[in-house]
Amino acid sequence: MTSSPPTEVTEPIDGSGDPADTTAAVGKGGTELVGRSPGQLMWRRFKRDRSGVISAWVVLFFFAIAALAPVIAKLYGKNPYTLYGQDNPNLLNEFGYPIAPNGGISSQFWFGIEPGLGRDVFTQLLYGIRTSLAISVAVTITVTATAILLGIAAGYLGGKPDYFIGRVTDLLMAFPSQLFFVASMPVVVAIFVDPADETPTYLRVIALIAVQWFLGWMGLARLLRGQVLTLREREFIEAARVTGASPWRIIRRELLPNLVTPILVQATLMLPGFVTAEAGLSFLGVGLVEPTPDWGRMFATGGEIYQNDLTYMFFPGVAMVIFIVAFNLLGDSVRDAFDPKTAR
């Protein structure tokens, strides 16, 4: 009697060439082959993307120095508020520019000193990155949450809610965002503080978050609405309705897991845009002001003195370029890892 050959199951292959997600299969010798989950497949594809991995480390480095800015400044022995150039007459000349070459770079001041006030550039940059990233992360979270709420509601409920949310989205997308940011910041601040009084820093931060949130959620909301319109007619949604699942359960257990990819990818691509927007507002004088350290405010100072001290602009400019490029490359890599059909 001849024995039947051992059962061998070949796992299906998705568009990336990786084994698709399977529960279990029986291979030669009776060994169990466990399939990979979509998250494991995404992580495997992401690790093979060298530019994505390098960009992720660069982004993590920026977030780490932002979180540890007070610790680094304490070990460095300086802070971003002390006027070192005013306290030591040997640091600045009669015109307020560093006496030492290259913007005053030395073993005492690693990135030099600020012309005029004589503050330490290194700690100014550390705290400036911390401020800009904190505001941008808060804006990204609020924008993403609003887009999820309105986009899913419009796509799943349809009818009048979809019509109303769609018209509001169309109206807000007609606003010129940059001009609106510049024009509305003083108005928002003046609502709570008399123009003759000094505006608290926390209020300016809240105003920056609110203004960018107001015109930041529409693109992601429209994207999610389109995804939900497609998903709500699928068989697994109909099956959930037949079993008596409530709309909230369907949204939470069926729709949201299938929307993780566009949400994560778009949030990754939005954050660097909010960083540059916040820096631009501070550069134009309607964002954060003295003495709060900020990336944009450093650019504003550098724009005033670049003809006599180009070094001051070098370090914040290079840091901004590296961060934006790394985050954009990270967003592209995350998108390609989730959807290999879009691979560059």
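Calculation notes
- Residues numbered from 1 in each chain as written.
- Predicted model: local features only at pLDDT ≥ 70, side-chain atom pairs only at ≥ 80, totals over all residues.
- Heavy atoms only, no water.
- Axes fitted to C-alpha atoms, helices over the stretch in contact; angles between N-to-C directions.
- Helix = DSSP H or I, 4+ residues; strand = E, 2+ residues; numbered from the N terminus.
- Parallel < 35°, antiparallel > 145°, perpendicular 65-115°, else oblique.
- Left-handed = near helix turned anticlockwise from the far one by under 90°.
- Contact = heavy atoms within 4.5 Å.
- Nonpolar A, V, L, I, M, F, W, Y, C, P; charged D, E, K, R; others polar.
- Core = buried A, V, L, I, M, F, W, Y, C linked by side-chain atoms within 4.5 Å.
- Buried < 20%, exposed > 50% of the residue type's maximum accessible area, 1.4 Å probe, protein only.
- Salt bridge = Lys/Arg side-chain N within 4 Å of Asp/Glu carboxyl O.

Section: the packing of helix α13 (residues 260–283) against helix α14 (residues 295–305)
Part 1: Between α13 and α14, the shortest axis-to-axis distance is 7 Å and the interhelical angle comes to 45°. Between α13 and α14, the angle is such that the two are oblique. The handedness of the crossing between α13 and α14 comes out as right-handed. Contacts between α13 and α14 involve Val-275, Ala-279, Ser-282 and Phe-283 on the former and, on the latter, Trp-295, Gly-296, Arg-297, Phe-299 and Ala-300.
Part 2: Along the lines of polarity and charge, the residues of the contact of α13 with α14 split into six nonpolar, two polar and one charged.

A short note on the nonpolar core
Buried together is how nonpolar side chains tend to be arranged in soluble globular proteins.
Part 1: By size, the foremost hydrophobic cluster in this structure holds 42 residues, and its most contacted members are Phe-62, Ile-129, Val-275, Trp-295 and Phe-323.
Part 2: Sorting the residues of this core by element identifies α1 (38–48), α2 (50–67), α3 (69–76), α6 (121–157), α13, α14 and α15 (311–338) as the ones contributing at least two each.
Part 3: Ranked by the residues each element gives to this core, the list is headed by α15, at 11 residues.
Part 4: Among residues more than four places away in sequence, those in contact with Phe-323 are Phe-62, Phe-63, Leu-133, Leu-271, Val-275 and Trp-295.
Part 5: With 35 residues, the next largest nonpolar core counts Phe-181, Ile-209, Ala-240 and Leu-281 among its residues.

Regarding the side chain of Thr-123
Part 1: Turning to its location among the elements, Thr-123 is positioned in helix α6.
Part 2: Contact partners of Thr-123, with chain neighbours within four places excluded, come to Ala-73, Tyr-76, Lys-78, Asn-79 and Pro-80.

Points about the pattern of salt bridges
Part 1: According to the stated counting rule, one finds eight salt bridges in the structure shown.
Part 2: Two residues, Arg-241 and Glu-238, come together in a salt bridge whose shortest N-O distance is 2.8 Å. Of the two residues, Arg-241 and Glu-238 are both situated in helix α11 (residues 235–242); the distance of three residues between them amounts to about one turn of the helix.
Part 3: Taking the relative accessible area as the measure of exposure, Glu-238 reaches 34% and is therefore partly exposed.

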